[in-house]
Amino acid sequence: ATIACEYKPGLEGIPASQSSISFVDGGKGLLEYRGISITELAHKSNFIETAYLLIWGQLPTKEELAQFEAEIRHHRRIKYRIRDMMKCFPESGHPMDALQASAAALGLFYSRRALDDPQYIRDAVIRLIAKLPTMVAAFKLMRKGNDPIQPRDDLDYATNFLYMLTEEVPDPIAARVFDASMILHAEHTMNASTFSARVTASTLTDPYAVVASAVGTLAGPLHGGANEEVLAMLEEIGTVDNVVPYIEDCIANKKKIMGFGHRVYKVKDPRAKILQELAERLFKQKGYDRYYDIAVEVEKVVEDKLGAKGIYANVDFYSGLVYRKMGIPSDLFTPLFAMSRVAGWLAHWKEQLNENRIFRPTQVYVGNHESEYLPIAER
Ligand code: SDX
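Residues numbered from 1 in each chain as written. Predicted model: local features only at pLDDT ≥ 70, side-chain atom pairs only at ≥ 80, totals over all residues. Heavy atoms only, no water.

What is the right way to read the overall build of the chain from this model?
Assigned secondary structure in the chain consists of 16 helices and 3 strands. By the compact-globule yardstick of 21 Å for 379 residues, the chain fits well, its C-alpha radius of gyration being 22 Å. Considered along the principal axes of its C-alpha atoms, the chain spans approximately 70 × 55 × 50 Å. By the burial criterion, 52% of the 379 residues in the chain qualify as buried. Intrachain contacts of the chain at a sequence separation of at least 6 include 76% that bridge at least 24 residues. By element, 51% of the accessible surface of the chain is carried by carbon and sulfur atoms, the whole surface being about 18000 Å². (Helix = DSSP H or I, 4+ residues; strand = E, 2+ residues; numbered from the N terminus. Rg over C-alpha atoms; globule rule 2.2 N^0.38 Å. Buried < 20%, exposed > 50% of the residue type's maximum accessible area, 1.4 Å probe, protein only. Contact = heavy atoms within 4.5 Å. Areas by Shrake-Rupley, 256 points an atom, 1.4 Å probe, with all protein chains shown as cover.)

Would you take a moment to explain the site of the ligand for this structure?
Around the ligand, the surrounding shell holds 23 residues, and the nearest of these are H188, K256, H262, R263 and R271. Between the ligand and the protein, one listed contact pairs a nitrogen atom with a backbone N or O atom of I257 at 2.8 Å. Alone, the ligand offers 1000 Å² of accessible surface; in the complex the protein occludes 75% of this. Mapping the ligand onto the cavity grids shows that it belongs to the largest pocket. (Near = heavy atom within 4 Å. Polar contact = N/O pair within 3.5 Å; in protein donor to acceptor, adjacent residues only side chain to side chain. 1 Å grid on protein atoms, 1.4 Å probe; cavity = no way out; pocket = protein on both sides within 12 Å on 5 of 7 lines; lining within 4 Å. Sits in = over half its atoms within 2 Å of the grid points.)

Looking at this structure, I do not really get the packing of aromatic side chains. What am I missing?
Aromatic ring pairs are reported here in terms of the distance separating the ring centres and the angle at which the planes meet. All chains considered together, the criterion is met by 16 aromatic pairs. Ring centres of F89 and F139 lie 6.2 Å apart, and the angle between their planes is 55 degrees; this geometry places the pair in the tilted category. Placement of the pair is F89 in the loop between α4 (80-87) and α5 (95-110) and F139 in helix α6 (residues 118-142), with a sequence separation of 50 residues. Taking the relative accessible area as the measure of exposure, F89 reaches 22% and is therefore partly exposed. Joined through ring pairs, the aromatic side chains of F260, F283, Y288, Y292, F317 and Y318 make up one cluster. Taking the ring centre of Y163 as reference, the NZ or CZ of R152 above it sits at 5.2 Å. Residue placement shows R290 over the ring face of Y291; its charged tip is 4.8 Å from the ring centre. (Phe/Tyr/Trp six-rings, centres within 6.5 Å; stacked < 30°, edge-to-face > 60°. Lys NZ or Arg CZ within 6 Å of the ring centre and 35° of its normal.)

Help me understand the nonpolar core in this model?
One recurring pattern in soluble globular proteins is that nonpolar side chains are buried together. The biggest cluster of nonpolar side chains holds 121 residues, and the ones touching the most others in it are I129, F161, F178, V298, I328 and W349. Sort the elements by how many residues they give to this core and α6 lands first, with 16 residues. The contacts of I328, once residues within four sequence positions are left out, are L162, L165, F178, Y323, F333 and L336. (Core = buried A, V, L, I, M, F, W, Y, C linked by side-chain atoms within 4.5 Å.)

Teacher, can you tell me more about the pairing of strand β1 (residues 22-25) here?
Regular strands place their side chains on alternate faces of the sheet. Both β1 and strand β2 (residues 30-33) contribute to a ladder of 4 bridges, which runs antiparallel. Looking at β2, one finds that D25 is bridged to L30. Here β1 folds back onto β2 in antiparallel fashion, the turn holding 4 residues, of which G29 has a positive phi close to 70 degrees. (Pairing = 2+ DSSP bridges.)

Sorry, what's going on with helix α15 (residues 316-325) here?
In an α-helix, one turn spans 3.6 residues, which is why side chains three or four residues apart end up on the same side. The buried fraction of α15 amounts to 8 of the 10 residues, a majority that puts the element mostly inside the structure. Taken residue by residue, α15 has D316, F317, Y318, S319, G320, L321, V322 and Y323 as its buried positions. At its buried positions, α15 is contacted by α8 (172-184), α11 (226-237), α13 (270-286), α14 (290-306) and α16 (333-355). After α15 finishes, the residue G327 shows a positive phi value of roughly 80 degrees.

Looking at this structure, I do not really get the pattern of salt bridges. What am I missing?
Pairs can form between side chains of opposite charge whenever their charged atoms are close. By the definition in use, this model includes 19 salt bridges. Between K44 and E40 there is a salt bridge whose closest N-O contact spans 2.4 Å. Of this pair, K44 and E40 both sit in helix α1 (residues 38-44), 4 residues apart, which is roughly one turn of that helix. Of the residues examined, K44 reaches a relative accessible area of 66% and is grouped as exposed. Among the charged side chains, a salt-bridge network with shared partners connects D289, R324 and K325. (Salt bridge = Lys/Arg side-chain N within 4 Å of Asp/Glu carboxyl O.)

Looking at this model, I keep getting lost on empty space enclosed by the protein. Mind explaining?
In this approach, a probe sized like a water molecule rolls over the atoms, and the result shows the empty space that is left. The tally for this structure, following the rule as stated, stands at 1 cavity of 30 Å³ or more. Taken as a whole, the largest cavity encloses approximately 50 Å³ of empty space. Counting only elements with at least two residues in the lining of the largest cavity, the list comes to α6 and α7 (157-166). Residue contributions to the lining of the largest cavity peak at 4 residues, all from α6. Each residue belonging to the lining of the largest cavity can be placed in one class, and the counts come to 6 nonpolar, 2 polar and 1 charged. (Points joined across faces, edges and corners; volume = space filled by probe spheres on them. Nonpolar A, V, L, I, M, F, W, Y, C, P; charged D, E, K, R; others polar.)

I would appreciate a short explanation of the pairing of β2 in the present structure.
Covered by surrounding structure in β2 are L31 and Y33 only, the residues L30 and E32 on the alternate face being uncovered. Sheet topology places β2 next to strand β3 (residues 36-37); 2 bridges connect them, and they run antiparallel. The residue of β3 that forms the bridge with Y33 is I36. Here β2 folds back onto β3 in antiparallel fashion, the turn holding 2 residues, of which R34 has a positive phi close to 50 degrees.

Is there a simple way to explain helix α9 (residues 192-201) in this structure?
With 7 of 10 residues buried, α9 lies mostly within the body of the structure. Along α9, the positions that sit buried rather than exposed are S193, T194, S196, A197, R198, T200 and A201. In this structure, the buried residues of α9 make contact with α10 (207-218) and α16.

Would you take a moment to explain unusual backbone geometry for this structure?
Only a minority of non-glycine residues have a phi that is not negative, and only a minority of peptide bonds are not trans. Even without being glycine, R34 reaches a positive phi, approximately 50 degrees. Within the secondary structure, R34 is located in the loop between β2 and β3.

Mind showing me how you'd approach the packing of α13 against α14 here?
Helices that pack against each other are described as a pair by the angle of their axes relative to one another and the distance between those axes. Here α13 crosses α14 at 155 degrees, and the two axes come no closer than 12 Å. On the basis of the axis angle, α13 is roughly antiparallel to α14. Judged by the sense of rotation from one axis to the other, the crossing of α13 with α14 is left-handed. Side by side, α13 and α14 meet where Q276, A279, E280 and F283 of the first sit next to Y292, V296 and E299 of the second. Looking at the contact of α13 with α14, its residues break down into 4 nonpolar, 1 polar and 2 charged. (Axes fitted to C-alpha atoms, helices over the stretch in contact; angles between N-to-C directions. Parallel < 35°, antiparallel > 145°, perpendicular 65-115°, else oblique. Left-handed = near helix turned anticlockwise from the far one by under 90°.)

In structure tokens, the structure reads:
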């Protein structure tokens, strides 16, 4: 086979799709969803409206948003069979594995693969956006042996999720901060988990399998799993005075510092800036957090030492501090990322269906040819 272009590991820098969903300028630190800047959306929109924008391509009218939001509220419940399945998961299991298994299990109930039926597509979008939060909250309670909490249709997306998770209705500031964080994590061009989603979508399998693929990819510590690792790092550092020695040790041992660096951004991730503002707003309201002081010091030290290499804080650096202040356990931080990013994955799934071309890259073969089959006695 003729090689169309030079080999790039993991297709680094190679456009794998044409897309109109989001745009990143890594040099300027800009991110746009359907052309609208993330800063505008984080301050003026809400997650459900942003999901609609990403998936259907334009901001909804009042009626369209009301309809979309009402359908999502209506579909928040999960079948008792999925709950029963989750009761069999080991308590020590990671919530991302539980989410991947239960997202795939939705396919047992809903996948008809009628990909040419707009109603089937809309139903899948509604169900996945509506049910992932319920699954995350249910697993958190059930792994401790407690009964999960039914969603409340009188609560909006963020308030309902935090209610199902913490068993109490959160204050409006916490709900607003959480919702803004969901907007910030919803979409980011061709990142690894979105690429997974598109490859899987390109075979025309069902959207539940597409999301299960993407969840598994997001779980890795180099991708969505970094937010959980950041908090572990801040706890390990322990005090502001210990930041410099800790970071110097990482650099000396070529250990990646979690929450920093990015394949595209070579300046501070615009989402990190907004998450830092949200963290400050939350701490003002709920009381300060020593980990915030450590985090600010880490960012300063890393910027001093690695800024020249274009290594700055990314979206995962401050998100954990926001979630921790809301009483969310750190092993649920990546599931929160998935609950949000499912909007982006579904937007790319729909866009890929229009492409209707299976992903099948090539490779550079570096193995042997005409090798002999040796009988086992001679090996
Ligand atoms: C997300 O793609 C997306 O858009 C992802 C995401 C999204 O919204 O979907 O933005 C979400 O995944 C954010 C990233 C979360 N991951 C982490 O915070 C984990 C730590 N970060 C690194 O693993 C790394 O920065 C990556 C994986 C994010 C990017 O890696 P690259 O682009 O492949 O960079 P690289 O590994 O080739 O490193 C280039 C150089 C190396 O130094 P040299 O060997 O050339 O001397 O930069 C160094 C690396 O050692 N480097 C770091 C570093 N990241 C890169 N050094 C220390 N700490 C880091 N975090």
